[in-house]
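As a plain string of letters, each chain reads:
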Amino acid sequence: MVLRLERRPDRTPARLGISAAQDIARALTDHPGIYRQAYGTEEEPGTRIPAMLEHFPGNDPGSNGRAAPFTPAKETDPWHK
């Protein structure tokens, strides 16, 4: 049988831990209050960050609405662990 809709991608969330600069950490801490003022309900940063990340590539002027292709880090990259 052929269906019109493609199979849904795996939507199982992956848990990630990040380190952020102090100004970004403060902005994320302030975000629930700003969100509450705008929408009347408070959302924790952990529930909003995925939406923020999904929204970013499509609004980056250099991306043409697409996310940049993933390039694995090389062992010579100082940020590679």
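Refer to the structure above for everything that follows.
Residues numbered from 1 in each chain as written. Predicted model: local features only at pLDDT ≥ 70, side-chain atom pairs only at ≥ 80, totals over all residues. Heavy atoms only, no water.

Another aspect to go through is the overall build of the protein. Scanning the protein for helices and strands turns up two helices and zero strands. Counting only carbon and sulfur atoms, one obtains 55% of the accessible surface of the protein, whose full area is about 8300 Å². (Helix = DSSP H or I, 4+ residues; strand = E, 2+ residues; numbered from the N terminus. Areas by Shrake-Rupley, 256 points an atom, 1.4 Å probe, with all protein chains shown as cover.)

We now examine the packing of aromatic side chains. Counting across every chain of the model gives one aromatic pair. Ring geometry for Y35 against Y39: centres 4.7 Å apart, planes inclined by 45°, an arrangement best described as tilted. With a gap of four residues between them, Y35 and Y39 both fall in helix 1 (residues 22-39), about one helical turn apart. (Phe/Tyr/Trp six-rings, centres within 6.5 Å; stacked < 30°, edge-to-face > 60°.)

Looking now at the environment of M52. Along the chain, the position of M52 falls in helix 2 (residues 45-59). Judged by relative accessible area, M52 falls into the partly exposed class, the value being 29%. Not counting residues within four places of it along the chain, the set of residues in contact with M52 comprises L28 and H31. (Buried < 20%, exposed > 50% of the residue type's maximum accessible area, 1.4 Å probe, protein only. Contact = heavy atoms within 4.5 Å.)

Owing to its 3.6 residues per turn, the α-helix aligns residues three or four sequence positions apart on the same side. When the terminal C-alpha atoms of helix 1 are compared, their 26 Å separation across 18 residues agrees well with the 26 Å that a helix rising 1.5 Å per residue should span. Of all the bends found along helix 1, the most pronounced is centred on H31 and spans about 35°, while P32, a proline, follows it within four residues. Residues of helix 1 that are buried: L28, H31, P32 and Y35. G40 occupies a position one or two residues after helix 1 and carries a positive phi of about 85°. (Expected span 1.5 Å × (residues − 1). Bend = angle between axes of the 7 residues up to and from the residue.)

Within the secondary structure layout, H31 lies in helix 1. Among all residues touching H31, those that are not within four sequence positions of it are R48 and M52.

Applying the stated criterion across every chain yields a total of one salt bridge. Taking the shortest distance from any N to any O, the salt bridge between E42 and R36 comes out at 2.2 Å. Judged by relative accessible area, which is 43%, E42 ranks as partly exposed. Classification of R36 as partly exposed rests on a relative accessible area of 41%. (Salt bridge = Lys/Arg side-chain N within 4 Å of Asp/Glu carboxyl O.)

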